[in-house]
Amino acid sequence: GSGSAQDKRASVRMSQRGSTMSRGKVDTLLLSLQSAQDNMMLVLPFLPDELRNAIESKDFEKECTRHFKQLDESGRGMLDPKEIVPVISHLVAGKISAVGDDQCRRFIDMFDSDGDGMIHFEDFLYLVQFVVVASWLESEDGRSAVELARVEESSFEHFMAMIEGDKERLWSILPFLPDWLVDHLTCAEFMENCCKRFDALDVDKSGSLEPMELIPVVQSLSEAHPLLIDEEKCRRFTALFDTLQNGVIVKDEFLEFVQFQTVMNFLSTTTEGRQLAQRAENLELGVRSRECLDLLEADAEGNFAQVIRQLPQALVGEISTAAFKDLCVKGFEARDPAGAGVVTIGELAGLLSELSQQFAFAFDQDLGDTFATIVDTTKEGKVRKEGVEHFAKRVIAYAYFSYARNHQEMVEAEVLLGQQKIAQLLEAVRQGIDEIGDLIPFLPHDLLNRVLSEKFASQCAADFKALDVDSSGTLEPAELMPVLMDLVQTNQLSLTEEHARHFVGLFDAENTGVISSGEFVSLSRFMVIMAFMETEEGFQVRQNMAKQQGSDAIDEILLVIERDRKAIHKVVPLLPTDMYEWLTGDAFVLKCHDRFVELDQDQSGVLKPQDLAAVVAEVCGTGPYAVTEEQCARFTTIFDLYGDGVLRPDEFLDFVRFLAIWNYLQTPEGRLNAGEALTVLADAKRIEDLLETLEADRGRLRGIVPYLPDWLRDDLLSDHFTVECLKQFKELDKDGNGTLEPEELFPIVLSMSQAHQQSLDIAQCRQFASIFDDEKNGVITTREFVNFSRFLIIMGFLRSQEGEQVLHNAWSGAGDAVAA
């Protein structure tokens, strides 16, 4: 009997133990499912296609339907907690009785989508799918998928953090953006492309982009798995650029986003962008350092918590270690042998200097004393043992920010100096290109032969290949930066791709934005020649060129003066009153006299041509070395009224007065205040040109007349034409004497030249009359006036298309006659 009782008690204990173990399995299952639920959204994008297809198939759904109906004993279309027990029991391979009510409720809560405490078929289908996936997650492939999903999720979080950080630092970079990039971001074409991209993303044509419409953008930028990008992630991304905070992205916000993306791409993928970002970061560090120094100097103790957040994390880690504290305490004790617990700042300065030696901003004992005094908030000049660690941290922080500020100022100075050097180089290159054509005739033949040789071209080809990193067959601006760096020898932060583009533009003859191999040869030749020009021999070449150019300039000015000399008297009455009074005043005359005496070295009372060299050089803006004796003689001849080859005081006065007027008219003030005078000078030249043309054309007209069309010859020889000419003659003949004197020709010459009336003088009218005065009696008769009128009609005809053909036939006929 007792054995039977013992067996029953053993059986009960085993049953209880089994029940307890089964309940533990259920708890483990619930924990496992909860863990799987946490990972489920992460791993769904990484499920194998075979598993995904299986749990989404019709057969799987049918099998779930069959099991659901078996469990739904009441036929209500839903499962209550008791009806779900078999499922839990099956999952843990335990007894039904071991599943507690609380465990059923926890299980149902995990899959009860509507919160009514029941499991509907949709919930049941998801439950089974979930359990299958959870089971797979326990496998090696499943665990790998979870790990991959976590990496992807972490990458996305990093991407979002990076976007947020980039938006923050963009404001410090904007002032440094190159002009070409700013122009690109604000041009009409860029905005039009943004609008097209916006319209393509705006699927529902609502005029705004909802978070889900941004999936292609977010996926492209983050490079995340497409299924990993859900609505929540898109909302977070939208919020970054949603300035209006209305949950969507409108066109203006999308434009700002694309501009932001373009700038960030420029900063991360180009050499110029990376340099620009580094410059902005250095500047920001300098500003932040100055602010922190001000805070420490104002209240080192009170502001330290705020300041320490601006220190590099690595430095914060170093001064927060037990080792740093130990060094501070031991160093203090070494300087406090009596154990007083307090030392002076001067005694502590050596320790502070020792503590700094492990950092880049190490400082000596004197500087340590200075820093310590600045951050001594008590102003007692003493530090206690219990406060030595914190005091040392304040000193280290001050030293770091002081170093950062000074280093930044030094870098800024180097960058600015470097930029000046680059600007000077580019300007020198531009000027060199402008003058290279003038230089070549003066260069040594051996230099020209060297840069034009095959050997030089071969070396250029080798250099070109070495610079052409991407083997594109052309040199982009970035590829030429080593050449520029070698030329300017400056801080690399000074040199930007914008400088390189400017440099390329100077030699880019084909306007392609890059340097071809042929253009590179030209660039290399230019650089060799410019290097030669920096030598002593090159300096002499430049002197020779300047001398020749100066001489050429003098010849040009002489031609202008010879032309204007005849007309200068016409503009004197048109000068501003103050200028006119100065030129005609006693002070001007005395000044000219003094200058005459100064130039009259031999006191002969006259100036010979060679005496005028200094004056000519002053007038022409050249050195005396460029003035020749022949040019001095020409200057003398222009103003030598007596024709004796020298200038007397009155002639010199006329000479200086002319130069004063002529120089005044070349100045901005002269052009502004004496515009009418300039018009008179220009028109006087036009009249001179007209007279020369008339004289030349009249002489060659005889050879053209036979080739004129019959209709024109008949018209010119008709009575009607003659009568009309005589009518005009009568109108011009004011005194009615039957001839036209030179002054009566004034209206005709003015009309033909379309000149200012002040430009025409009687001498020019006489010259005009002489051209058509066949009888050489100083006047124009009626017959001569008719011939003059015929001349004008013929010259007008010859400027027409038909007239040009007549001229061609006339010259061809003349050529044939000569050949015959």
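Residues numbered from 1 in each chain as written. Predicted model: local features only at pLDDT ≥ 70, side-chain atom pairs only at ≥ 80, totals over all residues. Heavy atoms only, no water.

**A closer look at the overall build of the protein**
And step 1. Within the protein, the secondary structure is distributed over 39 helices and four strands.
And step 2. Out of the 820 residues in the protein, the part that is buried amounts to 43%.
And step 3. Contacts in the protein between residues far apart in sequence, at least 24 positions, make up 67% of those at least 6 positions apart.
And step 4. In the structure as shown, the protein presents an accessible area of about 44,700 Å², 54% of it carried by carbon and sulfur atoms. (Helix = DSSP H or I, 4+ residues; strand = E, 2+ residues; numbered from the N terminus. Buried < 20%, exposed > 50% of the residue type's maximum accessible area, 1.4 Å probe, protein only. Contact = heavy atoms within 4.5 Å. Areas by Shrake-Rupley, 256 points an atom, 1.4 Å probe, with all protein chains shown as cover.)

**Considering the environment of Pro 709**
And step 1. Within the fold, Pro 709 resides in the loop between α33 (675-700) and α34 (710-716).
And step 2. In this structure Pro 709 comes out as buried when scored by relative accessible area, which is 15%.
And step 3. C-alpha separation for the pair Pro 709 and Glu 802, spaced 93 residues apart in sequence, amounts to 9.3 Å.
And step 4. Every residue in contact with Pro 709, bar those within four places of it in the chain, is listed here: Phe 797, Glu 802 and Val 806.

**A few points about the packing of aromatic side chains**
And step 1. Applying the stated criterion across every chain, the model contains 20 aromatic pairs.
And step 2. Ring centres 6.3 Å apart and planes at 80° place the aromatic pair Phe 635 and Phe 655 in the edge-to-face group. Of this pair, Phe 635 sits in helix α30 (residues 629-639) while Phe 655 sits in helix α31 (residues 649-666), placing them 20 residues apart in sequence. Both residues of the pair, Phe 635 and Phe 655, count as buried.
And step 3. Taken together, the aromatic side chains of Phe 198, Phe 237, Phe 241, Phe 254, Phe 257 and Phe 260 make up a single cluster linked through ring pairs. (Phe/Tyr/Trp six-rings, centres within 6.5 Å; stacked < 30°, edge-to-face > 60°.)

**Considerations on the packing of helix α35 (residues 719-732) against helix α38 (residues 782-798)**
And step 1. Direction vectors running N to C along α35 and α38 enclose 115°, while the axes themselves pass 9 Å from each other. By the angle class used here, α35 and α38 are roughly perpendicular. Relative to α38, the crossing made by α35 is right-handed. Along the contact surface, α35 presents Phe 721, Thr 722, Cys 725, Leu 726, Gln 728, Phe 729 and Leu 732, while α38 presents Thr 782, Phe 785, Val 786, Ser 789, Arg 790 and Ile 793.
And step 2. When the residues that make up the contact of α35 with α38 are grouped by side-chain class, the tally is eight nonpolar, four polar and one charged. (Axes fitted to C-alpha atoms, helices over the stretch in contact; angles between N-to-C directions. Parallel < 35°, antiparallel > 145°, perpendicular 65-115°, else oblique. Left-handed = near helix turned anticlockwise from the far one by under 90°. Nonpolar A, V, L, I, M, F, W, Y, C, P; charged D, E, K, R; others polar.)

**Quick look at helix α6 (residues 121-137)**
And step 1. For α6, built from 17 residues, the straight-helix expectation of 24 Å at 1.5 Å per residue is met to within 8% by its first-to-last C-alpha distance of 24 Å.
And step 2. For α6, a buried count of twelve out of 17 residues is recorded, marking the element as mostly surrounded by other parts of the structure. (Expected span 1.5 Å × (residues − 1).)

**Let's talk about the nonpolar core**
And step 1. Counting 36 residues, the largest nonpolar core has Leu 296, Leu 311, Leu 315, Leu 348, Phe 391, Val 395 and Phe 401 as the members making the most contacts within it.
And step 2. Mapped onto this core, the elements with two or more residues apiece are α13 (271-299), α14 (304-308), α15 (313-319), α16 (322-334), α17 (345-356), α18 (365-374) and α19 (388-439).
And step 3. Considering each element in turn, this core owes the most residues, ten residues, to α19.
And step 4. Excluding its chain neighbours within four sequence positions, the residues that come into contact with Phe 401 are Ser 289, Cys 292, Leu 293, Leu 296, Val 307, Gln 310 and Leu 311.
And step 5. Listed in part, the 33 residues of the second largest apolar core include Val 429, Leu 475, Met 527 and Ile 529. (Core = buried A, V, L, I, M, F, W, Y, C linked by side-chain atoms within 4.5 Å.)

**Concerning the pattern of salt bridges**
And step 1. Here the structure, examined in full by the defined rule, presents 16 salt bridges.
And step 2. Lys 727 is the salt-bridge partner of Glu 724, the closest N and O atoms lying 3.8 Å from each other. Taken as a pair, Glu 724 and Lys 727 lie in helix α35 at a separation of three residues, close to a single helical turn.
And step 3. Ionic pairing is found between Glu 775 and Arg 783, a salt bridge with its closest N-O pair at 3.6 Å. (Salt bridge = Lys/Arg side-chain N within 4 Å of Asp/Glu carboxyl O.)

**Side note on the confidence of the model for the protein**
And step 1. The pLDDT averaged across the protein works out to 77; a share of 73% of its residues lies at or above 70.
And step 2. Here residues 8-23 scores under 50 on pLDDT; set against residues more than four positions off or in separate chains, the count is eight contacts.
And step 3. Of the regions scoring below 50 in pLDDT, residues 814-820 engages in zero contacts with residues more than four places distant in sequence or in other chains. (pLDDT = per-residue confidence, 0-100.)

**Looking at the side chain of Glu 479**
And step 1. Within the element layout of this structure, Glu 479 appears in the loop between α21 (454-467) and α22 (481-488).
And step 2. Judged by its relative accessible area of 9%, Glu 479 falls in the buried class.
And step 3. Engagement of the side chain of Glu 479 in a polar contact is seen with the backbone nitrogen of Asp 470, the distance being 3.2 Å. (Polar contact = N/O pair within 3.5 Å; in protein donor to acceptor, adjacent residues only side chain to side chain.)

**Considerations on α17**
And step 1. Between its first and last C-alpha atoms α17 spans 16 Å; for twelve residues at 1.5 Å apiece the expected length is 16 Å, and the two agree.
And step 2. With nine of its twelve residues buried, α17 lies for the most part within the structure.
And step 3. Three or more residues of α17 are buried, namely Ile 345, Leu 348, Ala 349, Gly 350, Leu 351, Leu 352, Ser 353, Leu 355 and Ser 356.

**So, unusual backbone geometry**
And step 1. The backbone of Ser 471 sits at a positive phi, close to 55°, despite the residue not being glycine.
And step 2. With respect to the helices, strands and loops of the structure, Ser 471 is situated in the loop between α21 and α22.
And step 3. Since its relative accessible area comes to 62%, Ser 471 is described here as exposed.
And step 4. Even without glycine at this site, Gln 603 takes up a positive phi of about 55°.
And step 5. Relative to the helices and strands, Gln 603 is located in the loop between α28 (586-599) and α29 (613-620).
And step 6. Its relative accessible area of 71% is what places Gln 603 among the exposed residues.

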